[in-house]
Amino acid sequence: MKVVILIIISYLLGSIPFALIIGKIFYKKDIRQMGSGNLGATNTIRCLGKKAGILVFLLDCFKGFVSLLIANKVLGDISYLTLFGAFAMIGHIFPIFANFKGGKAVATATSIFIYFYPFLSIILFIIFCLNILITGYVSLSSIMIALLGGIYIFVFETGFDRYIMVIMCILVIYMHRTNIIRILNGTENISKLKIKK
């Protein structure tokens, strides 16, 4: 029963649409009607600016951290702790508080990676930044770190948590399927951080 309650709590935490809340309170705008319409940090940065985007990223990270901390506090060191982070991600993607249309859960997934694999997270962050500087594609950077992170965990980690983490990585990649199509078509947004030739 505790597990079910914690899953629900994790999902509800993930469902808090911080991008929507910040947009409406501080900018009087509905982020869902702007840019890609996603309730995530990248769309927030593009539409509302860096300050708003960074705040949304940190708050979305908060979802994953808190879901794991609560579950760990209640259940202790269990072999399926990542399950609650996964449901925080699902809540972010399909938020009950925003008509089940959210973001792509990159920030929430990031916090889960940091929680379990801090050193790996640093390496993935460096890869993320380098890829943006080289290609200009934030979406491709997200896909790359999800792919590399998933491969590393599958190859080098053990236990039930490994499978949940790999599934979460696959989920992040799947959520970027339209971005992949736009990259292939040459119509994907390019970040201003890209190094100009």
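Residues numbered from 1 in each chain as written. Predicted model: local features only at pLDDT ≥ 70, side-chain atom pairs only at ≥ 80, totals over all residues. Heavy atoms only, no water.

Participant: Would you take a moment to explain the overall build of the chain for this structure?
Facilitator: Tallying secondary structure elements over the chain gives 10 helices and 0 strands in all. The N-to-C order of helical and strand elements in the chain reads α-α-α-α-α-α-α-α-α-α. In terms of overall dimensions, the chain is globule-like: its C-alpha atoms have a radius of gyration of 16 Å, near the 16 Å expected for 197 residues. Overall, the C-alpha framework of the chain stretches about 50 × 40 × 25 Å when taken along its three principal axes. Taking the contacts inside the chain whose residues are at least 6 apart along the sequence as the reference set, 63% of them involve residues at least 24 apart. Looking at the chain as shown, the accessible area adds up to about 10800 Å², and 72% of this sits on carbon and sulfur atoms. Across the chain, the 19 positively charged side chains and the 6 negatively charged ones have centroids separated by 13 Å. (Helix = DSSP H or I, 4+ residues; strand = E, 2+ residues; numbered from the N terminus. Rg over C-alpha atoms; globule rule 2.2 N^0.38 Å. Contact = heavy atoms within 4.5 Å. Areas by Shrake-Rupley, 256 points an atom, 1.4 Å probe, with all protein chains shown as cover. Lys, Arg positive; Asp, Glu negative; His and termini not counted. Charge placed at Lys NZ, Arg CZ, Asp CG, Glu CD.)

Participant: Looking at this structure, I do not really get the packing of aromatic side chains. What am I missing?
Facilitator: To describe a pair of aromatic rings, one takes the distance between the centres and the angle between the planes. Summed over the entire model, instances satisfying the criterion amount to 6 aromatic pairs. Directly above the ring of Phe154 sits Arg162, whose terminal nitrogen or CZ lies 5.2 Å from the centroid. Cation over ring: Arg177 sits above Tyr174, and NZ or CZ is 4.1 Å from the ring centre. (Phe/Tyr/Trp six-rings, centres within 6.5 Å; stacked < 30°, edge-to-face > 60°. Lys NZ or Arg CZ within 6 Å of the ring centre and 35° of its normal.)

Participant: Explain the nonpolar core here, please?
Facilitator: Side chains that are nonpolar tend, in soluble globular proteins, to be buried together. In this structure, Met89, Phe113, Ile153, Met165 and Met168 are the most contacted members of the largest nonpolar core, which totals 29 residues. Residue assignment for this core shows that the elements contributing at least two residues are α1 (2-14), α4 (50-75), α5 (82-93), α6 (106-116), α7 (118-135), α8 (138-156) and α9 (160-175). Looking at this core, the element that brings in the most residues is α9, giving 7 residues. Met89 has contacts with Ala105, Thr108, Ala109, Ile112, Met168, Leu171 and Val172, leaving out every residue within four places of it along the chain. Membership of the second largest hydrophobic core comes to 11 residues, among which are Leu20, Ile22, Ala41 and Leu48. (Core = buried A, V, L, I, M, F, W, Y, C linked by side-chain atoms within 4.5 Å. Buried < 20%, exposed > 50% of the residue type's maximum accessible area, 1.4 Å probe, protein only.)

Participant: I keep staring at the pattern of salt bridges and nothing clicks. Help me out?
Facilitator: When charged atoms on two side chains of opposite charge get close, those side chains can pair. In the structure shown here, the tally under the stated rule is 3 salt bridges. The shortest N-O distance in the salt bridge between Arg32 and Asp30 comes to 2.9 Å. Residue classification places Arg32 among the partly exposed residues on the basis of a relative accessible area of 27%. Judged by its relative accessible area of 18%, Asp30 is buried. Taking the shortest distance from any N to any O, the salt bridge between Arg182 and Glu188 comes out at 2.8 Å. The exposure class of Glu188 is buried, given its relative accessible area of 8%. (Salt bridge = Lys/Arg side-chain N within 4 Å of Asp/Glu carboxyl O.)

Participant: How should the UniProt feature "transmembrane region" (unreviewed entry) in the chain be read in this particular structure?
Facilitator: When the UniProt feature table is mapped to this numbering, "transmembrane region" (unreviewed entry) covers residues 6-27, 52-72, 78-100, 112-134 and 140-156. For residues 52-72, the helix share is 100%, the strand share is 0%, and the end-to-end C-alpha distance is 30 Å. As annotated, residues 140-156 has a helix share of 100% and a strand share of 0%, and its two end C-alpha atoms lie 24 Å apart. (UniProt positions renumbered as here; feature names shortened; annotations may be inferred.)

Participant: Is there a simple way to explain α9 in this structure?
Facilitator: The α-helix advances 3.6 residues per turn, and as a result positions three or four apart in sequence lie on the same side. For α9, spanning 16 residues, the distance from its first C-alpha to its last is 23 Å, which sits close to the expected 22 Å at 1.5 Å a residue. For α9, the set of buried residues is Asp161, Arg162, Ile164, Met165, Val166, Met168, Cys169, Val172 and Met175. Residues of α9 that are buried sit in contact with α5, α6, α8 and α10 (177-185). (Expected span 1.5 Å × (residues − 1).)

Participant: Just to check I follow, could you spell out the side chain of Glu188 for this structure?
Facilitator: Counting through the fold element by element, Glu188 comes out in the segment after α10. At 2.8 Å, the side chain of Glu188 forms a polar contact with the side chain of Asn179. Separated by 2.8 Å, the side chains of Glu188 and Arg182 make a polar contact. Leaving out residues up to four positions away in the same chain, Glu188 has contacts with Tyr137, Ser139, Asn179, Arg182 and Ile183. (Polar contact = N/O pair within 3.5 Å; in protein donor to acceptor, adjacent residues only side chain to side chain.)

Participant: Got a minute to help me understand helix α2 (residues 18-27) in this structure?
Facilitator: Those residues of α2 not exposed but buried are Phe18, Ala19, Leu20, Ile22 and Gly23. Lining the buried residues of α2 we find α3 (41-48) and α4. After α2 finishes, the residue Lys28 shows a positive phi value of roughly 55 degrees.

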